[in-house]
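So you can see what is in the structure, the chains are spelled out below.
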Amino acid sequence: MSLTKSIFTFITAGLITTSSFAATEIFSSSWGDASEGAGVIYTPDYSDNNMIITGEVNHSNVGEQRVYFALAYLDDSDICTYENKYADDETFIFSGQAVKMLRWCEQLSDGQYIYQYTPATIRGHSYVINLFKKATAPITIKIDGETIPFPVMGFTKAWNSAGGNAI
């Protein structure tokens, strides 16, 4: 499901608040089927601009089944300034474990620029997948100094129904 469609789903579904994490969570949505993903709308401590981080199971350009994350401003302003097909590195911390991520800027069909992420190494990708499969409560993702609780409910079903690697 596209990020724009995810945002619409989050906003129309209602609001859930919590203050037990560094960022102020406004709303979260659990994993749907493989095409829907999950996400969290939150307000960073350093800004009044709400942000959204989404995760989805999809296939890479070479047909590998992978997990992807997207980060964007909720108000449709750009988080990056140009479309870049060449990834750079950033580190996410998933429940205390640092994972090297590939990051690139992508333009959505509505013109908004967002960041896309996926684990950079096979070991990192395996760690993230296993963490999501085994977790029974939201995991924490630390990105840009903000700690965000990310939903895990429904991930295994989404992962298992995505079709695996292309043959």
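Residues numbered from 1 in each chain as written. Predicted model: local features only at pLDDT ≥ 70, side-chain atom pairs only at ≥ 80, totals over all residues. Heavy atoms only, no water.

## Some thoughts on the sheet that holds strand S3 (residues 51-59)
Hydrogen bonding along the main chain pairs the strands of a sheet, whether they run parallel or antiparallel.
Item 1. In spatial order, the strands read S1-S2-S3-S4-S7-S6-S5-S8-S9; together these 9 strands make up an open sheet with antiparallel pairing. Every other strand in the sheet has two partners, leaving strand S1 (24-29) and strand S9 (146-150) as the edge strands with one partner each. Across the sheet, the axes of successive neighbouring strands diverge by a mean angle of 30°, strand direction being ignored.
Item 2. One ladder, built from 5 bridges, connects strand S2 (residues 38-43) with S3; its direction is antiparallel. Counterpart to Ile41 in the pairing with S3 is Ile52.
Item 3. Along the sheet face, helix H2 (residues 122-134) touches strand S4 (65-73), strand S5 (88-94), strand S6 (97-107), strand S7 (113-119), strand S8 (139-143) and S9 and points at about 85° away from the line of S4. (Pairing = 2+ DSSP bridges. Helix = DSSP H or I, 4+ residues; strand = E, 2+ residues; numbered from the N terminus. Axes fitted to C-alpha atoms, helices over the stretch in contact; angles between N-to-C directions. Contact = heavy atoms within 4.5 Å.)

## Re the pairing of S3
Item 1. For S3 and S4, the ladder comprises 9 bridges, and the chain directions are antiparallel. Each bridged residue has a counterpart across the sheet, and for Ile53 the counterpart in S4 is Leu71.

## Topic: unusual backbone geometry
Most peptide bonds are trans, and most residues other than glycine sit at a negative phi.
Item 1. The backbone of Ser95 shows a phi angle near 45°, a positive value even though the residue is not glycine.
Item 2. For Ser95, the position within the fold is in the loop between S5 and S6.
Item 3. The exposure class assigned to Ser95 is partly exposed, which follows from its relative accessible area of 35%.
Item 4. One non-glycine residue with positive phi stands out, namely Asp144, at about 50°.
Item 5. Mapped onto the elements of the fold, Asp144 is located in the loop between S8 and S9. (Buried < 20%, exposed > 50% of the residue type's maximum accessible area, 1.4 Å probe, protein only.)

## Section: the pattern of salt bridges
Item 1. Counted according to the given criterion, the structure contains 3 salt bridges.
Item 2. Between Asp88 and Arg103 there is a salt bridge, with the nearest N and O atoms lying 3.0 Å from each other. In this pair, Asp88 is assigned in strand S5 and Arg103 in strand S6, connecting sequence segments 15 residues apart.
Item 3. On the basis of relative accessibility, which here comes to 33%, the residue Asp88 falls in the partly exposed class.
Item 4. The class of Arg103 is buried, set by a relative accessible area of 17%.
Item 5. We note a salt bridge from Lys100 to Asp89, for which the minimum N-O separation is 3.5 Å. With Lys100 in strand S6 and Asp89 in strand S5, the pair connects residues that are 11 residues apart, well separated along the chain.
Item 6. Look at Lys100 and you get partly exposed, because its relative accessible area is 43%.
Item 7. Each member of the salt-bridge network shares a partner with another, and the members are Asp88, Glu90 and Arg103. (Salt bridge = Lys/Arg side-chain N within 4 Å of Asp/Glu carboxyl O.)

## A closer look at the packing of aromatic side chains
Item 1. Applying the stated criterion to the full structure yields 14 aromatic pairs.
Item 2. On the numbers, 6.4 Å between centres and 85° between planes, the contact of Tyr68 with Trp104 is edge-to-face. Of this pair, Tyr68 sits in strand S4 while Trp104 sits in strand S6, placing them 36 residues apart in sequence. Both residues of the pair, Tyr68 and Trp104, count as buried. (Phe/Tyr/Trp six-rings, centres within 6.5 Å; stacked < 30°, edge-to-face > 60°.)

## A closer look at the confidence of the model for the protein
Item 1. With 84% of its residues at a pLDDT of at least 70, the protein reaches an overall mean of 84.
Item 2. Across the protein, the secondary-structure element scoring lowest on mean pLDDT is helix H1 (residues 3-13), at 43, and the one scoring highest is H2, at 97.
Item 3. Within the model, pLDDT remains below 50 along residues 3-21, and this stretch shows 37 contacts once partners closer than five positions in the same chain are excluded. (pLDDT = per-residue confidence, 0-100.)

## A closer look at the state of the cysteines
Item 1. For the structure shown, the criterion picks out 1 disulfide.
Item 2. Each sulfur in the disulfide pair Cys80 and Cys105 lies 1.9 Å from the other. Between Cys80 and Cys105, the S-S torsion sits near 85°, and that sign places the bridge as right-handed. Here the residue Cys80 occupies a position in the loop between S4 and S5, and Cys105 occupies one in strand S6, the gap between them amounting to 25 residues.
Item 3. For Cys80, a relative accessible area of 6% gives the class buried.
Item 4. Taking the relative accessible area as the measure of exposure, Cys105 reaches 4% and is therefore buried. (Disulfide = S-S within 2.5 Å.)

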